[in-house]
Amino acid sequence: MAITTMSAEERQNMSAAVMRTYPNIVRDWALKEQEAALLLGVPDATYRRWKRAPEKANLDQSQMERMSLILGIYKALQILLPRSDAADSWLRRANRNPLFSGQAPLDRLRSGLVSDLYVVRQHLDGARGGGHA
(Lines give C-alpha, C1' and ligand atoms only; values in the text may rest on other atoms or scores of the structure.)
Protein backbone atom coordinates (compact mmCIF):
# COMPACT_ATOMS: atom_id res chain seq x y z
CA MET A 1 0.00 0.00 0.00
CA ALA A 2 1.37 3.40 -0.97
CA ILE A 3 1.86 5.90 1.84
CA THR A 4 -0.44 8.34 0.03
CA THR A 5 -3.36 5.89 0.25
CA MET A 6 -2.90 5.04 3.93
CA SER A 7 -5.30 6.28 6.53
CA ALA A 8 -3.87 8.46 9.27
CA GLU A 9 -4.14 5.52 11.68
CA GLU A 10 -2.32 3.13 9.33
CA ARG A 11 0.43 5.66 8.80
CA GLN A 12 0.74 6.23 12.55
CA ASN A 13 0.95 2.47 13.19
CA MET A 14 3.58 2.01 10.48
CA SER A 15 5.59 4.97 11.78
CA ALA A 16 5.56 3.51 15.29
CA ALA A 17 6.68 0.11 13.95
CA VAL A 18 9.50 1.78 12.03
CA MET A 19 10.69 3.61 15.11
CA ARG A 20 10.64 0.45 17.18
CA THR A 21 12.83 -1.26 14.55
CA TYR A 22 15.19 1.48 13.37
CA PRO A 23 17.08 1.99 16.68
CA ASN A 24 18.07 -1.71 16.52
CA ILE A 25 19.58 -1.19 13.07
CA VAL A 26 21.32 1.95 14.32
CA ARG A 27 22.81 -0.10 17.17
CA ASP A 28 23.86 -2.96 14.90
CA TRP A 29 25.52 -0.55 12.46
CA ALA A 30 27.12 1.43 15.34
CA LEU A 31 25.73 4.69 13.97
CA LYS A 32 25.92 7.91 15.92
CA GLU A 33 22.60 9.50 16.72
CA GLN A 34 23.32 12.29 14.20
CA GLU A 35 23.99 9.69 11.48
CA ALA A 36 20.76 7.88 12.31
CA ALA A 37 18.80 11.12 12.02
CA LEU A 38 20.56 12.06 8.77
CA LEU A 39 19.81 8.70 7.12
CA LEU A 40 16.17 8.99 8.16
CA GLY A 41 16.03 12.60 6.95
CA VAL A 42 14.97 14.20 10.22
CA PRO A 43 16.55 16.65 12.68
CA ASP A 44 18.48 15.08 15.56
CA ALA A 45 15.86 16.21 18.09
CA THR A 46 13.06 14.58 16.09
CA TYR A 47 14.96 11.30 15.91
CA ARG A 48 15.57 11.37 19.67
CA ARG A 49 11.89 12.15 20.37
CA TRP A 50 10.66 9.36 18.08
CA LYS A 51 13.19 6.92 19.52
CA ARG A 52 11.97 7.67 23.05
CA ALA A 53 8.28 7.47 22.09
CA PRO A 54 7.85 5.45 18.86
CA GLU A 55 4.06 5.69 19.13
CA LYS A 56 4.37 9.46 18.55
CA ALA A 57 6.39 9.12 15.34
CA ASN A 58 4.72 10.35 12.17
CA LEU A 59 6.97 9.68 9.19
CA ASP A 60 6.18 11.43 5.94
CA GLN A 61 6.42 9.80 2.51
CA SER A 62 10.12 10.66 2.08
CA GLN A 63 11.01 9.27 5.51
CA MET A 64 9.05 6.09 4.79
CA GLU A 65 10.93 5.72 1.50
CA ARG A 66 14.25 6.19 3.32
CA MET A 67 13.25 3.59 5.90
CA SER A 68 12.27 1.14 3.19
CA LEU A 69 15.71 1.57 1.59
CA ILE A 70 17.47 1.23 4.96
CA LEU A 71 15.56 -1.96 5.75
CA GLY A 72 16.43 -3.29 2.30
CA ILE A 73 20.11 -2.53 2.86
CA TYR A 74 20.01 -4.21 6.26
CA LYS A 75 18.26 -7.32 4.91
CA ALA A 76 20.57 -7.59 1.89
CA LEU A 77 23.64 -7.39 4.14
CA GLN A 78 22.26 -10.12 6.40
CA ILE A 79 21.72 -12.36 3.36
CA LEU A 80 25.05 -11.60 1.65
CA LEU A 81 27.15 -11.70 4.83
CA PRO A 82 25.51 -14.20 7.19
CA ARG A 83 27.98 -13.45 10.00
CA SER A 84 26.33 -10.54 11.78
CA ASP A 85 29.65 -8.84 12.60
CA ALA A 86 30.59 -8.85 8.89
CA ALA A 87 27.14 -7.64 7.81
CA ASP A 88 27.01 -4.91 10.43
CA SER A 89 30.51 -3.59 9.71
CA TRP A 90 30.22 -3.61 5.88
CA LEU A 91 29.02 0.02 5.79
CA ARG A 92 32.19 1.14 7.60
CA ARG A 93 34.76 -0.78 5.55
CA ALA A 94 36.54 0.77 2.57
CA ASN A 95 35.05 -0.52 -0.66
CA ARG A 96 36.91 -0.70 -3.98
CA ASN A 97 33.73 -0.65 -6.04
CA PRO A 98 33.70 2.50 -8.22
CA LEU A 99 30.42 3.53 -6.56
CA PHE A 100 32.37 4.16 -3.36
CA SER A 101 35.75 5.36 -4.72
CA GLY A 102 37.66 3.39 -2.10
CA GLN A 103 35.63 4.93 0.72
CA ALA A 104 33.26 3.19 3.10
CA PRO A 105 29.64 3.02 1.86
CA LEU A 106 28.62 4.92 5.01
CA ASP A 107 30.70 7.87 3.77
CA ARG A 108 28.43 8.03 0.72
CA LEU A 109 25.33 7.74 2.88
CA ARG A 110 26.48 10.65 5.03
CA SER A 111 25.50 12.95 2.15
CA GLY A 112 21.98 12.65 3.54
CA LEU A 113 20.55 12.18 0.03
CA VAL A 114 17.89 9.55 -0.53
CA SER A 115 19.51 8.84 -3.89
CA ASP A 116 22.63 7.54 -2.11
CA LEU A 117 20.51 5.15 -0.03
CA TYR A 118 19.02 3.98 -3.31
CA VAL A 119 22.47 3.47 -4.92
CA VAL A 120 23.70 1.38 -1.98
CA ARG A 121 20.49 -0.66 -1.97
CA GLN A 122 20.75 -1.30 -5.72
CA HIS A 123 24.42 -2.27 -5.36
CA LEU A 124 23.57 -4.83 -2.69
CA ASP A 125 20.59 -6.15 -4.62
CA GLY A 126 22.90 -6.60 -7.62
CA ALA A 127 25.42 -8.43 -5.45
CA ARG A 128 22.65 -10.75 -4.26
CA GLY A 129 22.09 -11.62 -7.92
CA GLY A 130 25.57 -13.14 -8.22
CA GLY A 131 28.09 -10.34 -7.80
CA HIS A 132 30.05 -9.31 -4.72
CA ALA A 133 29.30 -6.62 -2.16
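This section reports on the structure supplied with the text. (Residues numbered from 1 in each chain as written. Predicted model: local features only at pLDDT ≥ 70, side-chain atom pairs only at ≥ 80, totals over all residues. Heavy atoms only, no water.)

1. Concerning the packing of helix H1 (residues 8-28) against helix H2 (residues 33-40)
- Two numbers describe how H1 lies on H2: the axes approach to 11 Å, and their chain directions differ by 130°. Considering their axes alone, H1 and H2 lie oblique with respect to each other. Where H1 crosses over H2, the two elements pack in a sense that is right-handed. For the pair H1 and H2, contact is made by Met-19, Tyr-22 and Val-26 and by Ala-36, Leu-39 and Leu-40, respectively.
- Along the lines of polarity and charge, the residues of the contact of H1 with H2 split into 6 nonpolar, no polar and no charged. (Axes fitted to C-alpha atoms, helices over the stretch in contact; angles between N-to-C directions. Helix = DSSP H or I, 4+ residues; strand = E, 2+ residues; numbered from the N terminus. Parallel < 35°, antiparallel > 145°, perpendicular 65-115°, else oblique. Left-handed = near helix turned anticlockwise from the far one by under 90°. Contact = heavy atoms within 4.5 Å. Nonpolar A, V, L, I, M, F, W, Y, C, P; charged D, E, K, R; others polar.)

2. A few points about the pattern of salt bridges
- Scanning the entire structure with this criterion turns up 9 salt bridges.
- With a shortest N-O distance of 2.8 Å, Arg-83 and Asp-85 are connected by a salt bridge.
- We classify Arg-83 as exposed; its relative accessible area is 56%. (Salt bridge = Lys/Arg side-chain N within 4 Å of Asp/Glu carboxyl O. Buried < 20%, exposed > 50% of the residue type's maximum accessible area, 1.4 Å probe, protein only.)

3. Structural notes on the environment of Val-119
- Within the element layout of this structure, Val-119 appears in helix H7 (residues 114-128).
- With 14 residues separating them in the primary sequence, Val-119 and Pro-105 have C-alpha atoms 9.9 Å apart.

4. A word on the packing of H2 against helix H3 (residues 44-52)
- Between H2 and H3, whose axes approach to 8 Å, the crossing angle comes to 95°. Between H2 and H3, the angle is such that the two are roughly perpendicular. Contact residues: Glu-33, Gln-34, Ala-36, Ala-37 and Leu-40 in H2; Asp-44, Tyr-47, Arg-48, Trp-50 and Lys-51 in H3.
- The residue inventory of the contact of H2 with H3, partitioned by class, reads 5 nonpolar, 1 polar and 4 charged.

5. Some words on the side chain of Glu-35
- Its place among the elements puts Glu-35 in helix H2.
- Not counting residues within four places of it along the chain, the set of residues in contact with Glu-35 comprises Ala-30, Arg-92, Leu-106 and Arg-110.

6. Side note on the packing of aromatic side chains
- Here the structure, examined in full by the defined rule, presents 3 aromatic pairs.
- Where Tyr-22 meets Tyr-47, the ring centres are 5.9 Å apart and the plane angle is 85°; that geometry is what we call edge-to-face. Taken together, the residues span a long stretch of sequence, with Tyr-22 in helix H1 and Tyr-47 in helix H3 at a distance of 25 residues. There is no split in this pair, since Tyr-22 and Tyr-47 are both buried. (Phe/Tyr/Trp six-rings, centres within 6.5 Å; stacked < 30°, edge-to-face > 60°.)

7. So, unusual backbone geometry
- The phi dihedral of Ala-30 falls on the positive side, at around 55°, and the residue is not glycine.
- Topologically, Ala-30 is positioned in the loop between H1 and H2.
- One non-glycine residue, Ser-101, adopts positive backbone phi at about 50°.
- By the element assignment, Ser-101 lies in the loop between helix H5 (84-89) and helix H6 (105-109).
- The class of Ser-101 is exposed, set by a relative accessible area of 60%.

8. Some remarks on H1
- A rise of 1.5 Å per residue sets the reference length of H1, with its 21 residues, at 30 Å; its end C-alpha atoms lie 31 Å apart and thus fit the reference within 8%.
- Within H1, the full set of buried residues consists of Ser-15, Ala-16, Val-18, Met-19, Tyr-22, Pro-23, Ile-25 and Val-26.
- Contact partners of the buried residues in H1: H2, H3 and helix H4 (61-80).
- Where H1 terminates, the next one or two residues include Ala-30, which has phi positive at roughly 55°. (Expected span 1.5 Å × (residues − 1).)

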